[in-house]
Amino acid sequence: MTDVQSNTESSASRRFPAHDDNRDHEIESLAEFDRVVAAGSLAGHRVQSVDLTDRTFALLSTDTTESVFLGCVMEPDAAAKIRAGGSLVFPPVPDLPFDPYRGSLYGPDELFEGLAEAGYDATPDARAYRWYQETKSDGDIFASMLRSIHDDAVSDALDEHLIGAQVVGIMGGHALRRDSADYAGAARLGRRLTRSGLTVATGGGPGAMEAANLGAYAAPFEDEMLDGALEQLAKAPHFSESITEWARAAFDILRSRPGGGTSAGIPTWFYGHEPPNVFASHIAKYFVNAVREDGLLARSNAGVVFLPGAAGTVQEIFDNATPNYYQSRGEPTPMVLVNREHWTERLPTWPLLQALAADRPMEARIALVDSVDEAPEALSRLRSESVS
């Protein structure tokens, strides 16, 4: 390292030191901002996407040393004062269909705003996908930077949301129809795992992913609620026929039975033809699919259940197997593959997984079961297995 590099990095460290727990210094709402100002200082805080137009006096009169303001609307004199003190102000970016500095996860109402009045193409989700399509191949570093900042902000919000949770990932194909027995089975799985105290996380899209999030939503209700929801959803069986009608049918369930269970959906705009499902209460949507997939698997600390799927699910199996094989994330986590015929004959993934696991600690953490109803017991057993 050169003297210039050393001096530059040392200066940056003095101005923006690392915190023991940076989340204690993040401000993501106006109420949080007011509480911190009342305590006397904004020094060292990171303020994300808060409209501070009416807080000019507070910004001018409060210590903002070593602070960072990300996408906050504020008056010019307040921004000038903060910058003059050596802190950073990243202004909002106009005309974007998304907020790159957001401090929270998405909810279904936010992504599908305007659906009822104008259809899916008018929603923020569809507009963000069109922006992505327009900018992903033009080589513009500014657009690339905005995507990266957004995805990092979403990851930060997801980590905050999942603190202390036992997360089980449920993976499976997007093509599964709502009127199929396999869809109903995935929904029962999501309901059962949620009722056991686990937090269900899926890829956030349609098919098996939606079914598992639906089951998590149905967990607090009587069993008949899920039966009725499945019957109602079968009238709009697949998103490819009409995303608008597909999503409206799901929102009808949410309106008729509010207050369902929570779960996480982690979709991507990379697969723009796959809309997010609305049954995930907390949605971490990404532009970069690799970040999304690795993040979903890494956060599934209670294990992953793999339902029948195609190339994407096969990739996820081995994306999960690799850190288990090398123990790069610590002790191996459970992997349960569902449907023996699918994973041994149609797509013979299980024999390779077994061969990789042989004589390694992960061998005690993999299982193959015949039906989705066997998956919860297999997952429980693998979680209790000792790893030598």
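Each remark here, short or long, concerns the structure printed above.
Heads up: these notes are all about the structure in this document. The shown structure was predicted, so the numbers you read here are calculated from the model rather than taken from an experiment.

Right, let's talk about the pairing of strand β11 (residues 366-369) for a bit. Here β11 shows a buried face lined by I366 and L368 and a second buried face lined by A367 and V369. Taken together, the four bridges between strand β10 (residues 335-338) and β11 define a ladder with parallel strand orientation. Its bridge partner lying in β11, M335 is registered against I366.

Spatially, the seven strands line up as an open sheet ordered β8-β7-β6-β5-β9-β10-β11, and their pairing is parallel. The sheet terminates laterally at β8 (282-283) and β11, the two strands that pair on one side only. Direction of pairing for strand β5 (residues 167-171) relative to strand β9 (residues 304-306): parallel, over a ladder of three bridges. Along β9, the bridge assignment pairs G169 with V304.

The next thing to look at is the nonpolar core. The biggest cluster of nonpolar side chains holds 92 residues, and the ones touching the most others in it are L214, L307 and V336. The leading source of residues in this core is helix α12 (residues 243-256), at eight residues. Setting aside its immediate chain neighbours within four residues, L214 contacts Y183, A187, L226, A229, L230, L233 and F279. If you look at the next biggest cluster of nonpolar residues, it comprises 16 residues, including F33, L59, A78 and V89.

Relative to the 21 Å expected for 15 residues at 1.5 Å per residue, helix α9 (residues 181-195) spans 21 Å between its end C-alpha atoms, a close match to the ideal helical length. Along α9, the residues classified as buried are Y183, A184, G185, A186, A187, L189, G190, R191, L193 and T194. Contacts made by the buried residues of α9 are with β5, β6 (199-202), α10 (208-218), α11 (223-233), β9 and α17 (375-384). Just beyond α9, the residue with positive phi is G197, at close to 100 degrees.

Below, the discussion takes up the packing of α9 against α17. Viewed as axis vectors pointing N to C, α9 and α17 meet at an angle of 40 degrees, and their least axial separation amounts to 10 Å. Considered as vectors, α9 and α17 are oriented oblique to each other. The residues of α17 that touch α9, namely those facing L189, R192 and L193, are A375, P376, E377 and L379. Partitioned by chemical class, the residues of the contact of α9 with α17 number five nonpolar, no polar and two charged.

Between side chains of opposite charge, pairing is possible as soon as their charged atoms come close. Under the definition given, this model contains 18 salt bridges. When the shortest N-O distance is used, the salt bridge between R188 and D373 registers 3.5 Å. Taken as a pair, R188 in helix α9 and D373 in the loop between β11 and α17 lie far apart in primary sequence, 185 residues in all. For R192, the salt bridge goes to E377, with nearest N and O atoms at 2.0 Å. Taken together, the residues span a long stretch of sequence, with R192 in helix α9 and E377 in helix α17 at a distance of 185 residues. The partly exposed category is assigned to R192, whose relative accessible area is 37%. Note on E377: relative accessible area 41%, which makes it partly exposed. Connected through salt bridges with shared partners, the residues R177, D179 and E241 form a single ionic network.

Sheet topology note: the β5/β6 ladder contains four bridges and is parallel. Counted as the bridge partner of G169 is A201 from β6. What joins β5 to β6 is α9, and the crossover it makes is right-handed.

Turning our eyes to something else, we now look at the packing of aromatic side chains. Within the structure shown, the criterion is met by 14 aromatic pairs. On the numbers, 4.9 Å between centres and 80 degrees between planes, the contact of Y325 with Y326 is edge-to-face. The exposure class assigned to Y325 is partly exposed, which follows from its relative accessible area of 23%. Put simply, the rings of F98, Y106, W131, Y132, W269 and F287 touch in pairs and so form one group of aromatic residues. Lying across the ring of Y106, R102 places its NZ or CZ 3.7 Å from the centre. Directly above the ring of Y325 sits R360, whose terminal nitrogen or CZ lies 3.8 Å from the centroid.

Within the open sheet, the four strands sit side by side as β1-β2-β3-β4. Their pairing is parallel. Looking at which strands have only one partner, the edges of the open sheet turn out to be β1 (26-27) and β4 (88-90). Bridge count between strand β3 (residues 68-70) and β4: three bridges; the pairing is parallel. Looking at the pairing, F69 lines up with V89 of β4.

A contiguous patch of negative charge, built from D51, D54, E75 and D77, is present on the exposed surface. Note that D77 resides in helix α4 (residues 76-84).

Bringing a nonpolar patch on the surface into the picture now. A cluster of nonpolar side chains, I141, F142 and M145, forms an exposed patch at the surface whose accessible area comes to about 320 Å². For F142, the location among the structural elements is in helix α8 (residues 141-161). The class for F142 is partly exposed, based on a relative accessible area of 41%.

A word on the packing of α10 against α11. At a minimum axis separation of 10 Å, α10 and α11 run at an interaxial angle of 140 degrees. Comparing their axes, α11 and α10 come out oblique. With respect to the hand of their crossing, α10 and α11 are arranged in right-handed fashion. Of the residues in α11, those in contact with L214, Y217 and A218 of α10 are M225, L226, A229, L230 and L233. Here the residues of the contact of α10 with α11 sort into eight nonpolar, no polar and no charged.

What counts and how
- Residues numbered from 1 in each chain as written.
- Predicted model: local features only at pLDDT ≥ 70, side-chain atom pairs only at ≥ 80, totals over all residues.
- Heavy atoms only, no water.
- Buried < 20%, exposed > 50% of the residue type's maximum accessible area, 1.4 Å probe, protein only.
- Helix = DSSP H or I, 4+ residues; strand = E, 2+ residues; numbered from the N terminus.
- Pairing = 2+ DSSP bridges.
- Core = buried A, V, L, I, M, F, W, Y, C linked by side-chain atoms within 4.5 Å.
- Contact = heavy atoms within 4.5 Å.
- Expected span 1.5 Å × (residues − 1).
- Axes fitted to C-alpha atoms, helices over the stretch in contact; angles between N-to-C directions.
- Parallel < 35°, antiparallel > 145°, perpendicular 65-115°, else oblique.
- Nonpolar A, V, L, I, M, F, W, Y, C, P; charged D, E, K, R; others polar.
- Salt bridge = Lys/Arg side-chain N within 4 Å of Asp/Glu carboxyl O.
- Right-handed = clockwise from strand over helix to strand, strands pointing away.
- Phe/Tyr/Trp six-rings, centres within 6.5 Å; stacked < 30°, edge-to-face > 60°.
- Lys NZ or Arg CZ within 6 Å of the ring centre and 35° of its normal.
- Patch = residues over 30% accessible without salt bridge, like charges linked within 9 Å, V, L, I, M, F, W, Y side chains within 5 Å.
- Areas by Shrake-Rupley, 256 points an atom, 1.4 Å probe, with all protein chains shown as cover.
- Lys, Arg positive; Asp, Glu negative; His and termini not counted.
- Charge placed at Lys NZ, Arg CZ, Asp CG, Glu CD.
- Left-handed = near helix turned anticlockwise from the far one by under 90°.

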